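# Observations on chain architecture
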Amino acid sequence: MIELRDVSLVVPASRRGDADRSLLTDVSLQLGERRICVIGANGSGKSTLLRLLNGLRLPTKGTVTASGFDTASQGRQVRTRVGFIFTDPLAQLVMSTPIEDVELSLRSLIKGRTQRGARAMELLEQRGLGLLAHQSIHDLSGGERQLVALTSVLAVEPQIIVADEPTTLLDLRNKLALRATFAALPQQIIYSTHDMDVAGDAERVIVVEAGCIVADGEPGMAIDHYERSMGARR
Amino acid sequence: MRSQLGSSHPGVLGLHVPGDGWLFRSPVGVKYILLLALVVPVLFFVTWPATLAALVAVLLLLATSGILPPRALRLGWMMWLILGMLAFFHLMTLDPVAAFVRPGNLLVAILAARMLTLTTSTPDLLDALVWVMRPLRLLGINPDQVALAVALMIRSIPYLLGSVDDARMAARARGLERNPARLLTPVMINAVAYAERSGEALVARGIGERALAD
C-alpha cells in the first residue's frame, strides 16, 4: 500500500522573475489495488507522481509512505520494497550485458559470485532471456531490454512495481508480451501510459491534469473523462 | 531498435563474452600483474624492439585464450585514427622510431587493458576492486561505491564513443560535419544527460545507497 497525504511538489523557476512551477498540487491518494494506471497528457504530472512513489522525487509539502515507510526519511527501505521501471530501459540498465545487470541487483542479496551468477541466469531464463544473457544490452530489441530491466527489478523481490510508460517505446508484439508479463506478476503494479488499451488492463485509473487528480475510479469512467478532456470524444 | 540515448561503440575495451581459455579462468589479480608486466617495461625501455616484443606478447597471450588478432585489434575507427595521427606526426618530424614506438606503446596499453576486460566480467572486476580497496574503509571511503564508480566508468566508454558517432552523423545530415563545435556540444550534453540518467537509475534501484557487498 502506498499513501500520499496532501502532497505538493513545487520547483523553482528556471529564470529569475518567473513564478515557481507547481508540478503537483494537494494530491491525496491511497494506492491499494493490484493494478493501478495513471493517465494524462504530456507534462500533466504523471511521471512526477510516479517518481514520488519510490522516493526518486520528494514532495515539497505533504508525505508519501510505501508499506509504512516515509520516502523522505526512509528512502532505502522504500526502494527495497518499491521497484521502478523507466520508459527507456537503457536509462536503467547500468551494466553492459543482461547477466551483469541482474547480478548487480543481486549483490546485496547473494554474497557468493558463483551462486549470484547462477541465480541471475536462472532469473533471465525464467523470462526467456537465457540465450541473450551475455549479449551487449545495445544489441537487444526494445522489448528484450524492457524485459531485462524488469528482471533486474524483480531480482530483489519488491512488493510493488512502479512503471513509467513501460510500453511507449515498444512495438505491438513487445507491448502485448509485456502486458502478458505484467498480468502474470503477483506484485502490485502502478504504471502510467498513453495507450488506452493498456490503461484498460488496470482495476483503477487515475487521471492527472495540470498536477491535480481530476478523475479516479474504474477504467471505463476515468478513460472516458480523459478522452473527453482531450477532445477525442464529445 | 536504436536507443533514444544513442548507439554504443564496441571498440577500445570491448565486451566480455564468456570463454574457456586460460585467461578467462585466471584470477583477476593474475591478469592485473600481466597487464603491468606488459605496460610498465615499455615505458622505461623506449626502443622499437621492446615495443614490438610487448605487442607480440600481448597478442600471443590473447590468442592462446581464443581471442585471435582480428577480434583483439577491433578497437574502433577512432582509436586507429588517433594511433595513425600519432605515427604520422612523428614521421613528419623525421623520427621513424618514435613513429612506431609512441603509437605502439599506446596500442600495447590498450591491448593489455582489453586482455583484462575481454576476459573478465564486470561483476568479477567489481569484486576484485572492492577487495583491493578494502583499506580505504580506514579513511571513511566506501570501497563498494568506488568500485561501482569504476565499473560505471568502464561501461560508459562505449556509450560516449557511440554518442560521438551519433553526433557526427547528425552533423553530416545537416552539412555541418566540418564544424567541431557542432560535434562537441551535443556530445557533452549527451554525456551529462547520460550521467544524470545513470544516477537516477542507481537511486531507483537502491544501488549505491546500500553497501554492495554487505
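Calculation criteria
Residues numbered from 1 in each chain as written. Chains lettered and ligands numbered in written order. Predicted model: local features only at pLDDT ≥ 70, side-chain atom pairs only at ≥ 80, totals over all residues. Heavy atoms only, no water. Pairing = 2+ DSSP bridges. Helix = DSSP H or I, 4+ residues; strand = E, 2+ residues; numbered from the N terminus. Contact = heavy atoms within 4.5 Å. Axes fitted to C-alpha atoms, helices over the stretch in contact; angles between N-to-C directions. Parallel < 35°, antiparallel > 145°, perpendicular 65-115°, else oblique. Left-handed = near helix turned anticlockwise from the far one by under 90°. Nonpolar A, V, L, I, M, F, W, Y, C, P; charged D, E, K, R; others polar. Buried area = accessible area lost by both parts, 1.4 Å probe. Salt bridge = Lys/Arg side-chain N within 4 Å of Asp/Glu carboxyl O. Polar contact = N/O pair within 3.5 Å; in protein donor to acceptor, adjacent residues only side chain to side chain.

### Considerations on the sheet that holds strand β4 (residues 61-66) of chain A
Residues and elements named next belong to chain A. Spatial strand order, β2-β1-β4-β5: four strands in an open sheet with antiparallel pairing. The sheet terminates laterally at β2 (21-31) and β5 (69-70), the two strands that pair on one side only. Bridge count for β4 against β5 is two bridges, and the pairing is antiparallel. Considered in β5, the bridge of T65 is made with D70. Sheet contacts for helix α1 (residues 46-53): β1 (2-11), β2 and β4; angle to β2, the most-contacted strand, approximately 55°.

### Topic: the packing of helix α3 (residues 98-106) of chain A against helix α5 (residues 142-154) of chain A
All names here are of chain A. The contact between α3 and α5 brings their axes to 8 Å, and the two run at 25°. Put simply, α3 runs roughly parallel to α5. Like other packed secondary-structure pairs, α3 and α5 cross with a definite hand, here right-handed. Contacts from P98, D101, V102 and S105 of α3 reach α5 at V148, T151 and S152. When grouped by side-chain class, the residues that make up the contact of α3 with α5 number three nonpolar, three polar and one charged.

### Here we look at the interface of chain B and chain A
Across the boundary between the two partners, chain B contributes 35 residues, which contact 39 residues of chain A. Regarding the contact of chain B and chain A, the summed buried area is about 3400 Å², with carbon and sulfur atoms giving 54% of it. The closest approach of N and O atoms between A:R51 and B:E200, which form a salt bridge, is 2.9 Å. Where chain B meets chain A, there are eleven residue pairs in polar contact (both at pLDDT 80 or more). Among the secondary structure elements, those contributing two or more residues to the side of chain B that touches chain A are α7 (122-132), α8 (143-173) and α9 (180-204) of chain B. At seven residues, the largest contribution of residues to the side of chain B that touches chain A is made by α9(B). Here the side of chain B that touches chain A is built from residues that sort into 18 nonpolar, eight polar and nine charged.

### Section: the packing of α5(A) against helix α6 (residues 172-184) of chain A
All names here are of chain A. Relative to each other, α5 and α6 sit at 20°, their axes nearing to 9 Å. Considering their axes alone, α5 and α6 lie roughly parallel with respect to each other. Pair α5 / α6 crosses with right-handed handedness. Judged by residue contacts, G143, Q146, L147 and L150 of α5 engage N174, L178, T181 and F182 from α6. Here the residues of the contact of α5 with α6 sort into four nonpolar, four polar and no charged.

### Here we look at the sheet that holds strand β9 (residues 204-209) of chain A
Residues and elements named next belong to chain A. In space, the six strands of this open sheet follow the order β6-β7-β8-β3-β9-β10, with mixed pairing throughout. Only two strands of the sheet have a single partner each, and these edge strands are β6 (82-85) and β10 (212-217). Here the average twist between neighbouring strands, direction ignored, is 15°. As defined by bridge partners, strand β7 (residues 160-163) adjoins strand β8 (residues 188-192) across four bridges and the pair is classed as parallel. Opposite I161, over in β8, you have I189 as the bridge partner. Against the sheet, α5 contacts β6 and β7, and its axis sits at roughly 165° relative to β6.

Any link to function would need more than the numbers given here.
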